[in-house]
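# Structure assessment
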Amino acid sequence: MDSPQSLSLAHHFRDLPDPRLARLCKHDFLDILTITVCAVICGQHTWTDIELYGETHHDWLKTFLRLPHGIPAHDTFRYVVSRLDPLAFQRCFGSWIEALSRATDLKLIAIDGKVLRDSLDRAHGQAALHLVSAWATENHLSLGQVATDAKSNEITAIPRLLQLLDLAGALVTIDAIGCQKDIAQQLQDAEADYVLAVKENQPRLLEDIQKAVAKHCDQPERANEASWFETVDVGHGRHEVRTYTLLTDLSDIRDRELWAGLYGICAAVSERTVAGQTATEVRYYLGSFRGTVQQWARAIRGHWGIENGLHWVLDVVFGEDRSRSRPEHGAENLAWLRRMAVSLLRNDTTCERTLRQKSIKALCDHEFLLQLLSQVNGEGVYP
């Protein structure tokens, strides 16, 4: 088992500037960050909760932190974390993310947005924080996030987020709001492939895809294993059949030359039966990915990993939707730490418990918390 001295936060935060004036600092910058990271992993997400975590774990924290004036007050945690540059804060975890990533046959990255509803502050005219995140579906890792003040601004936030990521060789999936020609070109320029959902915000494109799929389906002799794939899921009182149709004949797509590297279009039909009632949903996609229909299906289904594996966990386990942190970058930086916590907890293979139970175990068991942090093992808390 790693000792407390094996924590690597000093290594990862070494280039992060302290936002305080040096002459006014009572508490060590690294102490504040370390306590915050540990508290968030253990399920504490308000400034007062982080302070209480530090106070109740003071003796253990003192074994590897300096704590020259004890545990900082909650106002100190809020002041420091809220004034950290969000992009610089994320970059500090870059080497950790790279080290924790595991090689897979297909590097699948899902891009999606999420609103922190209780960060809305009408009294001060502050909109709810809207985050656009990148999630490595198969590695269960948060790769980056960018904040915007409205869902409509995701179109401008997505390109900024993509600029932060190493996308070479990746397959990137984005919901319909990211179905933009400029985004497709940016992904191709980054040597990445894309699969983008197509909805009513692209009416001409949607019409063309629907007509192409309908024409294909009207000719049963054209259906073959290369263009058609079906899955069946049964459980929890539901029966769901998903059918995927991949077409690489793009002659019916009028603007096909405007989509960089366009290779195919895909229709995903879902028939879900619950309590004898059947509902059908059809979704459409286009992409540059030169894979099989089975691989397209895998990418389309995998996109929802960011909803089920990240966003749902953030709200249910970490209460993110109820987060009321508002000053400056406080909400954004705490949101990033929550995403790091989800990544750590998901990548732990030593404890066969739910993420919530793992978080509780980390709160009660210092050895387990150190084990989680050992995934970012480096040169020690202090050089």
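Residues numbered from 1 in each chain as written. Predicted model: local features only at pLDDT ≥ 70, side-chain atom pairs only at ≥ 80, totals over all residues. Heavy atoms only, no water.

## Regarding the overall build of the chain
Broken down by element type, the chain carries 15 helices and nine strands. Every one of the 383 residues in the chain was classed for burial, and the buried ones make up 51%. Within the chain, contacts between residues separated by at least 24 positions form 64% of all contacts whose residues are at least 6 apart in sequence. When the accessible surface of the chain is split by element, carbon and sulfur atoms take 49% of a total near 17,800 Å². (Helix = DSSP H or I, 4+ residues; strand = E, 2+ residues; numbered from the N terminus. Buried < 20%, exposed > 50% of the residue type's maximum accessible area, 1.4 Å probe, protein only. Contact = heavy atoms within 4.5 Å. Areas by Shrake-Rupley, 256 points an atom, 1.4 Å probe, with all protein chains shown as cover.)

## Thoughts on the pattern of salt bridges
Taken as a whole and judged by the stated rule, the model has 17 salt bridges. The residue Arg 254 makes a salt bridge to Asp 208 at a minimum N-O spacing of 2.8 Å. In this pair, Arg 254 is assigned in the loop between strand 7 (238–247) and strand 8 (264–274) and Asp 208 in helix 10 (residues 203–217), connecting sequence segments 46 residues apart. Take Arg 254: its relative accessible area is 38%, and that puts it in the partly exposed class. Two residues, Asp 252 and Lys 215, come together in a salt bridge whose shortest N-O distance is 3.0 Å. Of this pair, Asp 252 sits in the loop between strand 7 and strand 8 while Lys 215 sits in helix 10; the two residues are 37 residues apart in sequence, bridging distant segments of the chain. Taking relative accessible area as the criterion, Asp 252 reaches 26% and is therefore assigned partly exposed. (Salt bridge = Lys/Arg side-chain N within 4 Å of Asp/Glu carboxyl O.)

## A short note on the pairing of strand 9 (residues 277–287)
Here strand 5 (residues 193–198) pairs with strand 9 via four bridges, running antiparallel. Within strand 9, the residue paired with Leu 196 across the bridge is Leu 286. Note: strand 8 against strand 9, eleven bridges, orientation antiparallel. Among the inter-strand pairings, Val 274 is bridged to a residue of strand 9, identified as Gln 277. Hairpin remark: strand 8 followed by strand 9, antiparallel, with two residues in the connecting loop; positive phi at Ala 275, about 55°. (Pairing = 2+ DSSP bridges.)

## Describing unusual backbone geometry
Despite not being glycine, Glu 191 shows a phi value in the positive range, around 65°. Checked against the element boundaries, Glu 191 lands in the loop between helix 9 (181–189) and strand 5. For Ala 275, which is not a glycine, the phi torsion comes out positive at approximately 55°. For Ala 275, the location among the structural elements is in the loop between strand 8 and strand 9.

## Observations concerning helix 2 (residues 29–41)
The end-to-end C-alpha distance of helix 2, which contains 13 residues, comes to 19 Å, matching closely the 18 Å that a straight helix rising 1.5 Å per residue would cover. Counted residue by residue, helix 2 has 13 buried out of 13 residues, so it is predominantly covered. Of the residues flanking the end of helix 2, it is Gly 43, one or two places downstream, whose phi is positive at about 90°. (Expected span 1.5 Å × (residues − 1).)

## So, the environment of Leu 187
Relative to the elements of secondary structure, Leu 187 occurs in helix 9. Taking C-alpha positions, Leu 187 is 8.8 Å from Ala 260, a pair spaced 73 residues apart along the chain. Every residue in contact with Leu 187, bar those within four places of it in the chain, is listed here: Leu 162, Leu 167, Val 172, Ile 174, Ala 192 and Tyr 194.

## Regarding the confidence of the model for the chain
Mean pLDDT over the chain works out to 84, with 81% of the residues at or above the 70 mark. Taken as a whole, residues 1–7 scores under 50 in pLDDT and shows 23 contacts with residues more than four places along the chain or in a different chain. Low pLDDT, under 50, characterises residues 377–383; the stretch is placed with 28 contacts to residues that sit more than four places away or in other chains. (pLDDT = per-residue confidence, 0-100.)

## A word on the packing of aromatic side chains
Scanning the entire structure with this criterion turns up three aromatic pairs. Between Trp 60 and Phe 64, the aromatic rings sit 5.0 Å apart at their centres with planes inclined by 75°, giving edge-to-face as the arrangement. Judged on exposure class, the residue Trp 60 and its partner Phe 64 are both buried. A cation over an aromatic ring shows up here: Lys 361 above the ring of Phe 368, its NZ or CZ 5.4 Å from the ring centre. (Phe/Tyr/Trp six-rings, centres within 6.5 Å; stacked < 30°, edge-to-face > 60°. Lys NZ or Arg CZ within 6 Å of the ring centre and 35° of its normal.)

## Remarks on the packing of helix 3 (residues 47–56) against helix 5 (residues 74–82)
Between helix 3 and helix 5, whose axes approach to 8 Å, the crossing angle comes to 115°. As for how helix 3 packs across helix 5, the hand of that crossing is right-handed. Of the residues in helix 5, those touching helix 3 at Trp 47, Thr 48, Ile 50 and Glu 51 are His 74, Phe 77, Arg 78, Val 81 and Ser 82. Classifying every residue of the contact of helix 3 with helix 5 gives four nonpolar, three polar and two charged. (Axes fitted to C-alpha atoms, helices over the stretch in contact; angles between N-to-C directions. Left-handed = near helix turned anticlockwise from the far one by under 90°. Nonpolar A, V, L, I, M, F, W, Y, C, P; charged D, E, K, R; others polar.)

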